Amino acid sequence: MKRRNFGQYCGLARALELVGERWALLIIRDLAVRPQRYTDLLEGLPGIPTNVLSTRLKELEQAGLVERRVAPAPERGVRYVLTPEGSALEPAVHALGRWGTKHLEEPRPGDVVTPESVTMSLRAGFNPAAATGLNESWEIHADDMVLHAVVTDGRLAAGVGPVPGEADLVITLTAEGLPSSQALLRAARCGLVELKGRRALLNTFVNVFTRPVDQNAPHD
């Protein structure tokens, strides 16, 4: 399969040759959250043509970033998972997502929010300094999504589905509009959420998932 070649001996150019095609990084984003079947990816990436998804998956497999595995019982079929090399892209995806978030305006007609996109936004927004020494868990309900964020000894595990066991605080987003991570944090700051559990952990949640402003970043 012919791959784009920029003709430059440069790490960024090589990275773009491997994951710079349209939809490739969004496939990486979703697989970083959890293994997915082809139909899962198709459902979670509205608008992607089936032939493009098939092509991207083949390219990512050839690059050693994605592999196919037989789903464990009782499931059937094949799931796509990131290889260790593919998983190593997650910090770069987080950084690019944080940069892109600064350029988000109002949602455009047809925009959607998926559990994977919110999960990765929470991971990208995680503030390790604010989580030092914490052992807390949050379960997030927004529309038909259920997500979890568990901090153990200051380390985050965030994913799709309820908290294993019982959450210290359950947060339900009640505001109208797209249930993005930005909307969730805004609602939490304004108290526009329903809470079940240790209510004092709401402010902790906001602090833990709000990264400090980079004072060294260039300003306009």
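Residues numbered from 1 in each chain as written. Predicted model: local features only at pLDDT ≥ 70, side-chain atom pairs only at ≥ 80, totals over all residues. Heavy atoms only, no water.

**Some thoughts on the nonpolar core**
- Grouped together as the largest cluster of nonpolar side chains are 26 residues, with contacts concentrated most on Trp138, Val151, Ile171, Phe205, Val208 and Phe209.
- If you list the elements that add at least two residues to this core, you get α7 (115–125), β3 (135–142), β4 (145–152), β6 (169–173), α8 (181–190) and α9 (201–208).
- Residue contributions to this core peak at five residues, all from α9.
- Apart from the residues within four sequence positions on either side, valine 151 is in contact with Phe126, Ala131, Leu134, Asn135, Glu136, Trp138, Leu156 and Val208.
- Counting residues in hydrophobic clusters, the runner-up holds 21 residues, among them Leu31, Ile48, Val66 and Tyr80. (Core = buried A, V, L, I, M, F, W, Y, C linked by side-chain atoms within 4.5 Å. Buried < 20%, exposed > 50% of the residue type's maximum accessible area, 1.4 Å probe, protein only. Helix = DSSP H or I, 4+ residues; strand = E, 2+ residues; numbered from the N terminus. Contact = heavy atoms within 4.5 Å.)

**Here's the deal with empty space enclosed by the protein**
- Applying the stated criterion to the full structure yields one cavity of 30 Å³ or more.
- Counted as a void, the largest cavity has a volume near 30 Å³.
- Lining of the largest cavity is provided by Val118, Ile140, Ala142, Met145, Leu147, Leu173, Pro179, Ser180, Ser181 and Leu184.
- Where the lining of the largest cavity is concerned, the elements lending two or more residues are β3, β4 and α8.
- When grouped by side-chain class, the residues that make up the lining of the largest cavity number eight nonpolar, two polar and no charged. (1 Å grid on protein atoms, 1.4 Å probe; cavity = no way out; pocket = protein on both sides within 12 Å on 5 of 7 lines; lining within 4 Å. Points joined across faces, edges and corners; volume = space filled by probe spheres on them. Nonpolar A, V, L, I, M, F, W, Y, C, P; charged D, E, K, R; others polar.)

**A closer look at unusual backbone geometry**
- Positive phi is not limited to glycine here, since aspartate 143 has a value of about 55 degrees.
- By the element assignment, aspartate 143 lies in the loop between β3 and β4.
- Classification of aspartate 143 as exposed rests on a relative accessible area of 63%.

**Here we look at the sheet that holds β6**
- Strand order in this open sheet of five strands is β5-β4-β3-β6-β7, and the pairing throughout is mixed. Both outer strands of the open sheet, β5 (155–160) and β7 (193–197), are each paired with one neighbouring strand and no more. In this sheet, adjacent strand axes meet at a mean angle of 15 degrees when their direction is disregarded.
- By the bridge criterion, six bridges tie β4 to β5 in an arrangement that is antiparallel. (Pairing = 2+ DSSP bridges. Axes fitted to C-alpha atoms, helices over the stretch in contact; angles between N-to-C directions.)

**Details of the packing of aromatic side chains**
- Under the criterion given, the structure shown has four aromatic pairs.
- On the basis of an interplanar angle of 50 degrees and a centroid distance of 6.1 Å, the ring pair of phenylalanine 126 and phenylalanine 209 is categorised as tilted. Here phenylalanine 209 lies in the segment after α9 and phenylalanine 126 lies in the loop between α7 and β3, a separation of 83 residues in the sequence.
- For phenylalanine 209, a relative accessible area of 4% corresponds to the buried category. (Phe/Tyr/Trp six-rings, centres within 6.5 Å; stacked < 30°, edge-to-face > 60°.)

**With respect to the packing of helix α2 (residues 24–33) against α7**
- Running from N to C, α2 and α7 point in directions that differ by 80 degrees, and their axes come no closer than 9 Å. By the angle between their directions, the pair α2 and α7 is classed as roughly perpendicular. Residues Arg29, Asp30, Ala32 and Val33 of α2 form the contact with α7, whose own contacting residues are Glu116, Ser117, Thr119, Met120 and Arg123.
- Across the contact of α2 with α7, the residue classes break down as three nonpolar, two polar and four charged. (Parallel < 35°, antiparallel > 145°, perpendicular 65-115°, else oblique.)

**Describing the pattern of salt bridges**
- By the definition in use, this model includes 12 salt bridges.
- Two residues, aspartate 30 and arginine 29, come together in a salt bridge whose shortest N-O distance is 2.8 Å. The burial state of aspartate 30 is the same as that of arginine 29; both residues are buried.
- The salt bridge involving aspartate 111 is made with arginine 108; its shortest N-O contact spans 3.5 Å.
- Among the residues examined, arginine 108 registers a relative accessible area of 60% and is labelled exposed. (Salt bridge = Lys/Arg side-chain N within 4 Å of Asp/Glu carboxyl O.)

**Overview of the pairing of β6**
- The element β6 is largely enclosed, with a buried count of four among its five residues.
- Here β3 pairs with β6 via five bridges, running parallel. Counterpart to glutamate 139 in the pairing with β6 is valine 170.
- Where β6 and β7 come together, five bridges link them in antiparallel fashion. By the bridge assignment, valine 170 is partnered in β7 with lysine 196.

Purely geometric numbers; function is a separate question.
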